[in-house]
Number of protein chains: 2
Amino acid sequence: MERGKKECKRPIDISHKKQAQTNPRHNQTVVFKNGVQIIGGYSIVGQKEGGGPLKSTFSKIMEDEYFGEKTHEAAEQKMFEYAIRGAIKSAGLERGDVDMMFSGDLLNQITSSSFAARSFDMMFIGIYGACSTMALTLGIASCLVEAGFIKNAVVSAGSHFATAERQYRTPLELGNQKPPNAQWTVTGVGASVLTSSTSPSASIHPRVTSVTFGKVCDWGVKDVNNMGAAMAPSAAHTLIAHFRDTNTKPEDYCHIFTGDLGKLGENICRDLLANANYPVDANYTDCGRLIYGKSQNQYQGGSGCGCSAVCLNGFILNKLRKGEYKKILFVGTGALLSPVASFQGNTVPGISHCVCIES
Amino acid sequence: MERGKKECKRPIDISHKKQAQTNPRHNQTVVFKNGVQIIGGYSIVGQKEGGGPLKSTFSKIMEDEYFGEKTHEAAEQKMFEYAIRGAIKSAGLERGDVDMMFSGDLLNQITSSSFAARSFDMMFIGIYGACSTMALTLGIASCLVEAGFIKNAVVSAGSHFATAERQYRTPLELGNQKPPNAQWTVTGVGASVLTSSTSPSASIHPRVTSVTFGKVCDWGVKDVNNMGAAMAPSAAHTLIAHFRDTNTKPEDYCHIFTGDLGKLGENICRDLLANANYPVDANYTDCGRLIYGKSQNQYQGGSGCGCSAVCLNGFILNKLRKGEYKKILFVGTGALLSPVASFQGNTVPGISHCVCIES
């Protein structure tokens, strides 16, 4: 079998599982009256991502994955500093203008985010949503901006292939081969700057108009190399909650993006949505499927906090700014994976958070 | 030297360090118009904590630190489930009445919180603020409740001595001795239930009236056994920001509690506050100093997310409910410690968040 070529379709039988359901007593969606403007965005990626089909949409492609540092962990932290500075600059603001930073990453104790926060004189809110972090930071920060508690916020999320492999699976030095269901952790950080819609520039920027916060879904997946299957039920669950709460259907959106389900996870999510009478067609794509080209052979596609973060702060925001998309859903998808928990025989629960952005 | 008896006073010279300063352009404090009511609270602790001076204030003392589970990690998760259920019950609500759960812990990928979230049909927001997590979840959740985005929320934080030692330092089986500056991670989980002040029971519960979010402070401490020194500057920094933003002084509060600075950290914090012209006297105590008795010899005192969480949901809320305290400050103090970061030679930055609660 050629390495990485075989795309496994639906290896887990989902027909006997209970459908993704939502508690009708809970409205999971916060709809904003004014909406929160995304006035700046920046994405920085590694060589592999920079050699993929989205190449031209990223703000910066690093020359190598050390980014001038001695360790991959230090490189990841520097990428955060770089992306946050870049996003603030692209918003036409100075560092002192931004009140609060919301950030998270995949490293234990989210050190890349919190160590990067030392470089900025801002309040810092550490978020852990695994790979759903970009949507979660965007959602929580939008709530605080919409409510008028803060004026400007910067939100960011990111990951690094080398640090994530070492921490979650095996160090790269071992040269382990990945199984066909695996995904490739994206090396990249994305950052966005938010401001309240009462600002003068109100009409020209994409706006966050609603957020659907997710619940933890556990369908019993234990394979740490099959994150798509672990996360897909939660993505479908949160999307169904969004459609129900806002009384919309998939066709009401120009496009729906999930974060990093990969090809396999995207297929599972499509099936679950179709079973719940919310079928999606060409207007749904997973960012993990998009980020690498076919010739790059990255198994099921990209994963990691960075995957959705750089896609959002690259081509998605670009298309919203140009008016090519009027209204999209951005669904961060997280696998609540922990090596210790897995070694102790636990499953991998998933969680997804959905943000509606309109131009 | 008798083990644990010697209290080291100010082993780091802070006189040459720049004072904890705040950017006068940033208001770090969100003052609520209505205030958010704390209508329920629950605390569960281990045997050691249950044998200390606060014994009578905890909701439940476990019989042993496995809590009927096979691993300490599973016990920690069960403690979360127990505390959250207990808090919801104490609020007179049912599980379906609570919309959103905010939680965090010290384990990598906050698995205790996110795995516990599977038992509850609620939206889940994962927070990582190290030991400041109780104050951070309380602060963020209060913002969302005050803004009317959600009606009822449960917030929780906790830690377990055995899981934290294994992850951050050395497994207990090695029998390592702790140095005199060390603290003892509290085995305990605290949970509180919040609701908006427009509820009928408005007047009888303690209310969160303002939140001061912290910035990351790094004074160069590298000793992973001296968390008090790593966190104290951030505690002083956030308190100074609170006093400045609200135009108050320490004497305007019945009591000020920091989370888990321990005896040494409390002394450093007192010095920093005095140098900034906000001297505190008998109206300031650190929860880490309170939780263990003198005869328990727990070095500088308690630490961990659980320390401040069980004190808040034990004696602090009790005294507020009885009207013995009219207005307090609760400051969660976090050391952004990561073993990988420490092995790579990094310092331990600190962060603290402050919540004002009135009865």
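Quick caveat: nothing in here was measured; it's all calculated off a predicted structure. (Residues numbered from 1 in each chain as written. Chains lettered and ligands numbered in written order. Predicted model: local features only at pLDDT ≥ 70, side-chain atom pairs only at ≥ 80, totals over all residues. Heavy atoms only, no water.)

*Asks:* Help me understand the overall build of chain A, please; the structure alone is not making it clear to me.
*Replies:* Along chain A, the regular secondary structure elements total ten helices and 13 strands. The principal-axis extent of the C-alpha atoms belonging to chain A is close to 55 × 50 × 35 Å. Relative to all contacts within chain A whose residues are 6 or more apart in sequence, the contacts with residues 24 or more apart total 78%. For chain A, the exposed area adds up to about 12,200 Å²; of that, 47% sits on carbon and sulfur atoms. Of the charged side chains in chain A, 36 are positive and 31 negative, and the gap between their average positions amounts to 3 Å. (Helix = DSSP H or I, 4+ residues; strand = E, 2+ residues; numbered from the N terminus. Contact = heavy atoms within 4.5 Å. Areas by Shrake-Rupley, 256 points an atom, 1.4 Å probe, with all protein chains shown as cover. Lys, Arg positive; Asp, Glu negative; His and termini not counted. Charge placed at Lys NZ, Arg CZ, Asp CG, Glu CD.)

*Asks:* Please explain the domain arrangement of chain A as it appears in this structure.
*Replies:* When the parts of a complex come together, some accessible area is lost, and that lost area is often taken as the interface size. All names here are of chain A. When the domains of chain A are assigned, the result is domain 1 (29-168) and domain 2 (205-358). If you average the C-alpha positions of domain 1 and of domain 2, the two centres end up 18 Å apart. Listed per partner, the contact involves 45 residues of domain 1 and 47 residues of domain 2. Across the interface of domain 1 and domain 2, roughly 3,500 Å² is buried in total on both sides, 67% from carbon and sulfur atoms. The interface formed by domain 1 and domain 2 contains zero salt bridges. Elements with a minimum of two residues in the side of domain 1 that touches domain 2: β1 (29-45), α1 (47-50), α4 (133-146), β5 (152-159) and α5 (161-168). With 16 residues, the top contributor of residues to the side of domain 1 that touches domain 2 is β1. Split by residue class, the side of domain 1 that touches domain 2 holds 24 nonpolar, 18 polar and three charged. (Domains from an automatic or database assignment. Buried area = accessible area lost by both parts, 1.4 Å probe. Salt bridge = Lys/Arg side-chain N within 4 Å of Asp/Glu carboxyl O. Nonpolar A, V, L, I, M, F, W, Y, C, P; charged D, E, K, R; others polar.)

*Asks:* I tried to follow the interface of chain A and chain B on my own but got confused; where do I start?
*Replies:* At the junction of the two partners, chain A supplies 58 residues and chain B supplies 58 residues. Joining chain A to chain B, the criterion identifies four salt bridges. With its nearest N and O atoms 2.8 Å apart, the salt bridge here joins Asp121 of chain B to Lys215 of chain A. Inspection of the region where chain A meets chain B yields 18 residue pairs in polar contact (both at pLDDT 80 or more). Elements with a contribution of two residues or more to the side of chain A that touches chain B: β1, α3 (111-116), β4 (123-126), α4, α5, α10 (339-343) and β13 (350-358) of chain A. When residues in the side of chain A that touches chain B are grouped by element, the largest group, five residues, is from α4 of chain A. (Polar contact = N/O pair within 3.5 Å; in protein donor to acceptor, adjacent residues only side chain to side chain.)

*Asks:* Please explain unusual backbone geometry as it appears in this structure.
*Replies:* Leaving glycine out, the prevailing phi sign among residues is negative, and the prevailing peptide bond configuration is trans. Residues and elements named next belong to chain A. Positioned with a positive phi, Gln109 is a non-glycine residue whose angle comes to about 60°. The residue Gln109 is located in the loop between β3 (100-105) and α3 in this model. Residue Ile110 is not a glycine yet carries a positive backbone phi of 30°. Relative to the helices and strands, Ile110 is located in the loop between β3 and α3. Residue Ile110 is classed as buried on the basis of its relative accessible area, which comes to 2%. (Buried < 20%, exposed > 50% of the residue type's maximum accessible area, 1.4 Å probe, protein only.)

*Asks:* Explain the relation of the copies chain A and chain B to me, please; I cannot follow it from the model alone.
*Replies:* Relating one copy of the chain to the other requires a rotation about an axis plus a shift along that axis. It takes a turn of 180° to lay chain A on chain B, together with a shift of 0.0 Å along the axis; the resulting RMSD is 0.0 Å. Each copy turns onto its partner about a two-fold axis. A share of 100% of the interface residues of chain A reappears at the interface of chain B, consistent with the copies meeting face to face through the same patch. (Least-squares fit on C-alpha atoms with pLDDT ≥ 70 in both.)

*Asks:* Just checking my understanding: could you explain the environment of Lys222 of chain B for this structure?
*Replies:* Residue and element names in this part refer to chain B. In this structure, Lys222 sits in the loop between β8 (207-212) and α6 (227-246). Spatially, the C-alpha atom of Lys222 lies 29 Å from that of Gly190, the residues being 32 residues apart in sequence. Once you skip the residues sitting within four places of it in the chain, Lys222 turns out to touch Gly345, Asn346 and Thr347.

*Asks:* I'm lost on the environment of Glu65 of chain B in this one. Help?
*Replies:* Residues and elements named next belong to chain B. Within the element layout of this structure, Glu65 appears in the loop between β2 (60-61) and α2 (72-90). Exposure remark for Glu65: the relative accessible area of 22% places this residue in the partly exposed category. Separated by 191 residues in the primary sequence, Glu65 and Ile256 have C-alpha atoms spaced 30 Å apart. Apart from residues no more than four positions distant in its own chain, Glu65 is found in contact with Gly46, Gln47, Lys48, Glu49, His72, Ala75, His160 and Thr187.

*Asks:* Before we go on, may I ask you to explain the nonpolar core in this structure?
*Replies:* As a rule of thumb, soluble globular proteins bury nonpolar side chains together. With 233 residues, the main nonpolar core has Phe102, Phe213 and Ile316 of chain A together with Phe102, Leu144, Phe213 and Ile316 of chain B as its most contacted residues. Apart from residues lying up to four places away in sequence, Phe102 of chain B is in contact with Ile125, Thr137, Ile140, Ala141, Leu144, Ile150, Ala153, Val154, Val155 and Ser156 of chain B. (Core = buried A, V, L, I, M, F, W, Y, C linked by side-chain atoms within 4.5 Å.)

*Asks:* For this particular structure, what's the right way to read the pairing of strand β1 (residues 29-45) of chain B?
*Replies:* Walk down a regular strand and you will see the side chains alternate between the two sheet faces. Residues and elements named next belong to chain B. Where burial is concerned, most of β1 is hidden: 14 out of the 17 residues are buried. Bridge count for β1 against β8 is five bridges, and the pairing is antiparallel. Bridge pairing in β8 places Gln37 opposite Arg207. (Pairing = 2+ DSSP bridges.)

*Asks:* Which parts of the structure should I look at to understand the layout of surface pockets?
*Replies:* By volume, the largest pocket amounts to about 410 Å³. Around the largest pocket sit 24 residues that line it, and Val340, Ala341 and Gln344 of chain A together with Glu73 and Leu107 of chain B are the ones nearest its centre. Of all elements in the fold, only α10 of chain A together with α2, α3 (111-116), α5 (161-168) and α10 (339-343) of chain B reach the threshold of two or more residues within the lining of the largest pocket. In terms of residue class, the lining of the largest pocket is built from eight nonpolar, twelve polar and four charged. (1 Å grid on protein atoms, 1.4 Å probe; cavity = no way out; pocket = protein on both sides within 12 Å on 5 of 7 lines; lining within 4 Å. Points joined across faces, edges and corners; volume = space filled by probe spheres on them.)

*Asks:* How do you make sense of the pattern of salt bridges when you look at a structure like this?
*Replies:* Once the charged atoms of two side chains with opposite charge are near each other, the side chains can pair. Across all of its chains, the model carries 20 salt bridges over all chains by this definition. Ionic pairing is found between Asp218 of chain A and Arg118 of chain B, a salt bridge with its closest N-O pair at 2.5 Å. Pair noted here: Asp218 of chain A is in the loop between β8 (207-212) and α6 (227-246) and Arg118 of chain B is in the loop between α3 and β4 (123-126), and the two residues belong to different chains. Judged by relative accessible area, Asp218 of chain A falls into the partly exposed class, the value being 26%.

*Asks:* What should I look at first to understand the confidence of the model for chain A in this one?
*Replies:* Taken residue by residue, chain A gives an average pLDDT of 91. The fraction at 70 or more is 92%. Confidence drops under pLDDT 50 across residues 1-22 of chain A; counting only partners more than four residues distant or on other chains, this segment forms 47 contacts. (pLDDT = per-residue confidence, 0-100.)

*Asks:* What is the right way to look at the packing of α6 of chain A against helix α7 (residues 262-275) of chain A in this model?
*Replies:* The axes of two packed helices give the description: the angle between them and the distance between them. Residue and element names in this part refer to chain A. Direction vectors running N to C along α6 and α7 enclose 40°, while the axes themselves pass 8 Å from each other. Helix-helix and strand crossings are classified by hand; for α6 and α7 the assignment is right-handed. Residue-level contacts link Gly228, Ala229, Ala232, Pro233, Ala235, Ala236, Leu239, Ile240 and Phe243 of α6 to Gly265, Ile268, Cys269, Leu272 and Leu273 of α7. Across the contact of α6 with α7, the residue classes break down as twelve nonpolar, two polar and no charged. (Axes fitted to C-alpha atoms, helices over the stretch in contact; angles between N-to-C directions. Left-handed = near helix turned anticlockwise from the far one by under 90°.)

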